Amino acid sequence: MQNFPIAKTHRLIEPGPVLLVTTFHKDRANIMTIGFHMMIQHGPPPLIGCIIGPWDHSYEALRKTGECVLAVPGVDLAEKAVDIGNCSGSDMDSDTDKFEKFHLTQLPAKRVKAPLVKECLANIECRVADTHLVNAYSLFILEAVHAHINPERKEQRTFHHRGDGTFTVDGRILNLQERMVKWKMFQD
Ligand SMILES: Cc1cc2nc3c(=O)[nH]c(=O)nc-3n(C[C@H](O)[C@H](O)[C@H](O)COP(=O)(O)O)c2cc1C
């Protein structure tokens, strides 16, 4: 084992997949990219923790509306997702938004005002469940209130940020369900 810089710890365990977060505030939809997120609880209700910082235009929308959609892009959207995370809704003209800029299609969600992203593999409608850790860590605890998948999309592989602008892409599936004797309830 060699020493590894502590400031780069995230590069060793940064989770994936990269997600797009949509919000709707002041009559406008916005979309941003995140890599820092985690499942907190299977549920009910399912809870997801996401780091969305005050440097993001989406932060205010999330604080004010308490709603967002977590959209899961396939690897075919990797370049777009990176570009979306390198520009801000606050830089857009009043008549355009990042959906138009990046040619993404908004679909109405069922339970929240933030839009789904048609081109994504999955969309999870969320409401903010707990803001206790937002001031300290920009950590929003979100409750998933409705989920959508698109199994017909040809490209189903997600991609995962390695923390430095490089990404890994989903590979082969290893099925070890037979050994998951204690956790059979998670297999259907
Ligand atoms: C691969 C990637 C991962 C990112 N992960 C996060 C993240 O976990 N949390 C965060 O607040 N910003 C993250 N960002 C930065 C935001 O996407 C970026 O600040 C974006 O401009 C915010 O958009 P907005 O200002 O329109 O809300 C990431 C960007 C990229 C490209």
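Everything below is about the structure printed above this text.
Residues numbered from 1 in each chain as written. Predicted model: local features only at pLDDT ≥ 70, side-chain atom pairs only at ≥ 80, totals over all residues. Heavy atoms only, no water.

Participant: Help me understand the nonpolar core in this model?
Facilitator: What tends to happen in soluble globular proteins is that the nonpolar side chains get buried as a cluster. Grouped together as the largest cluster of nonpolar side chains are 19 residues, with contacts concentrated most on Ile52 and Leu70. Those elements that provide at least two residues to this core are strand 1 (19-25), strand 2 (28-34), strand 4 (47-51), helix 2 (57-65), strand 5 (67-72), strand 8 (122-130) and strand 9 (139-149). Apart from the residues lying within four places of it in its own chain, the contact partners of Ile52 are Val21, Met32, Ile34, Tyr59, Leu62, Ser138 and Phe140. With 16 residues, the next largest nonpolar core counts Ala29, Leu77, Ile84 and Phe159 among its residues. (Core = buried A, V, L, I, M, F, W, Y, C linked by side-chain atoms within 4.5 Å. Buried < 20%, exposed > 50% of the residue type's maximum accessible area, 1.4 Å probe, protein only. Helix = DSSP H or I, 4+ residues; strand = E, 2+ residues; numbered from the N terminus. Contact = heavy atoms within 4.5 Å.)

Participant: What is the right way to look at the sheet that holds strand 9 in this model?
Facilitator: Paired through their backbone hydrogen bonds, the strands of a sheet run either parallel or antiparallel. As summarised here, the arrangement of the seven strands in space is 2-1-5-8-9-4-3, forming an open sheet in which the pairing is antiparallel. Of all the strands in the sheet, just strand 2 and strand 3 (37-41) have a single pairing partner and so form its edges. On average, adjacent strands in this sheet sit at an angle of 35 degrees to one another, irrespective of strand direction. Against the sheet, helix 2 engages strand 1, strand 2, strand 5, strand 8 and strand 9, with an angle of about 60 degrees to strand 1. (Pairing = 2+ DSSP bridges. Axes fitted to C-alpha atoms, helices over the stretch in contact; angles between N-to-C directions.)

Participant: How should I be thinking about helix 2 in this particular structure?
Facilitator: Two residues of an α-helix separated by three or four positions point the same way, owing to the 3.6 residues in each turn. Regarding helix 2, the residues found buried are Ser58, Tyr59, Ala61 and Leu62. What you see down the axis of helix 2 is that its buried residues fit within an arc of 170 degrees, all on one side. If you follow the buried residues of helix 2, they end up packed against strand 1, strand 2, strand 5, strand 8, helix 5 (134-137) and strand 9. Looking one or two residues past helix 2, Gly66 carries a phi angle of roughly 70 degrees, positive in sign. (Arc of directions from axis to C-beta.)

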